[in-house]
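Below, each chain spelled out in residue letters.
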Amino acid sequence: MVKILLDPSMYHPHLSVAEELAKAAELGFEYLELSPRADFHEWHHYPKVDRHQIAEVKQAMKDTGVKIWTMNPVFDWASPDEQERQAQVRNWRRSLEIADALEVPLIATEFSGDPNRPRQSEGQFYRSMEELIPVFEKYGLECTIEAHPYDFVEENDRAVQIIRGVDRDWLNYEFCFPHAYHLGQGARDPREMMDYAGDRLKHLHIADVFDHTANVGNRYIMNPPGADARIHQHNEIGNGEIDWDAAFGYLREREYDGPVSVCVFGWEEEADAINVRMRERIQKELGQGGPHA
């Protein structure tokens, strides 16, 4: 059975992590994907959580019955700047220590780096992996990586190849549906891309998105033309152009049973209702069992 995880990003501004666990329980979720937040593991900064917060979160997991299944730190371990890379590896070490303390089994992250310096970034990524492999293995943590827009690798197949190059069973690929039109450059469907990942596909991010490459690239207007930026959304299923019937059909066909994260952002005024509808749709499509199945 798939595990359906709530990414509580829309609650970060006004709820603590302990309160987000209670919110997840209220919305019918059993699992949380703890995405970056300033008081825990902020993007590219040293984690700010202390042992007292860790104890509070552990107690909240016990009280609510909701488990943090993944942490989603984003550190620039592929930075072409060596001093920065070293700082980010330091951030990683602390984040993995926190994950171990919270008994989180899976780390979900991004490649980061510089898309304008992909070769140098790839080299730095592998250097960081050499340093961090012993730490991941010390704690028995698994890891999935997605190719995020504006990472040094943004295309599906290349991301899978880079992960294969590390050659560890615990390091695998996460397919992020709201990034699909970047991952496939607007020309490939999710089924084809997930199929390429094969057995390396171990995690999904679920949200809808419109195709930014449509209408000869003029669906979204950026000024000045050619600005070095990336456009995508994280919308509710149905508020975008992903073919969900085909996507869910493929996942059932391959009997996908890994974690599935609900990651809708930018709709805080409807957050509760959206997250419940997303959970119910995924349960219907992928057949998660009842509570604590």
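Think of each chain on its own: its residues are numbered from 1, step by step along the sequence as written. Where totals are concerned, whole chains, interfaces and linings use all residues; where local detail is concerned, this predicted model gives features only for residues with pLDDT of at least 70, and gives and counts side-chain atom pairs only at 80 or more. By convention in this description, side-chain values take in all heavy atoms of the structure and omit both hydrogens and water.

Visitor: Break down the pattern of salt bridges for me, with residues and values.
Guide: Whenever Lys or Arg places a side-chain nitrogen within 4 Å of a carboxyl oxygen from Asp or Glu, that contact is recorded as a salt bridge. Summed over the entire model, instances satisfying the criterion amount to 18 salt bridges. The partner of Arg37 in a salt bridge is Glu20, with the nearest N and O atoms 2.9 Å apart. Pair noted here: Arg37 is in the loop between β2 (31–34) and α2 (51–64) and Glu20 is in helix α1 (residues 17–26), with a separation of 17 residues, a long-range link. Summary of the burial criterion: residues with accessible area below 20% of their type's maximum are buried, those above 50% are exposed, and those between are partly exposed, where the area comes from a 1.4 Å probe applied to protein chains only. Residue Glu20 is classed as buried on the basis of its relative accessible area of 0%. Glu97 is the salt-bridge partner of Arg94, the closest N and O atoms lying 2.7 Å from each other. Within this pair, Arg94 and its partner Glu97 are both found in helix α3 (residues 82–101), separated by 3 residues, close to a single helical turn. Since its relative accessible area comes to 37%, Glu97 is described here as partly exposed. Where helices and strands are cited, they refer to DSSP runs of H or I of at least four residues and of E of at least two residues respectively, numbered from the N terminus.

Visitor: Describe the packing of helix α4 (residues 118–139) against helix α5 (residues 156–166), and please don't skip the residues or the numbers.
Guide: Geometrically, a packed helix pair is captured by the angle between its two axes and the distance between the axes. All axes here are fitted lines through C-alpha atoms, helices being fitted over the stretch that makes contact, and every angle between N-to-C directions spans 0 to 180 degrees. Their axes nearest at 11 Å, the elements α4 and α5 cross at an angle of 40°. The orientation of α4 relative to α5 falls into the category oblique. Two packed elements cross with a definite hand, and for α4 against α5 that hand is right-handed. For the pair α4 and α5, contact is made by Glu122, Phe125, Tyr126, Met129 and Ile133 and by Arg158, Gln161, Ile162, Gly165 and Val166, respectively. If an angle is under 35 degrees, it is roughly parallel; if it is over 145, roughly antiparallel; if it lies from 65 to 115, roughly perpendicular; otherwise it is oblique. Each helix crossing is assigned a hand: it is left-handed if the near helix lies turned anticlockwise from the far helix by less than a right angle, otherwise right-handed if that turn is clockwise. The contact criterion used is simple: two residues touch if any of their non-hydrogen atoms lie within 4.5 Å.

Visitor: So what about the sheet that holds strand β5 (residues 142–146)? Which residues, and what values?
Guide: Reading around the barrel, the 8 strands line up as β1-β2-β3-β4-β5-β6-β7-β8 and close back on themselves, with parallel pairing between neighbours. Across the sheet, the mean angle from the axis of one strand to that of its neighbour is 30°, orientation sign disregarded. Contacting β3 (67–71) and β4 (106–110), α3 crosses the sheet at an angle of about 150° to β4. Contacting β5 and β6 (171–176), α5 crosses the sheet at an angle of about 165° to β6. Two strands qualify as a pair provided that DSSP identifies no fewer than 2 bridges between them.

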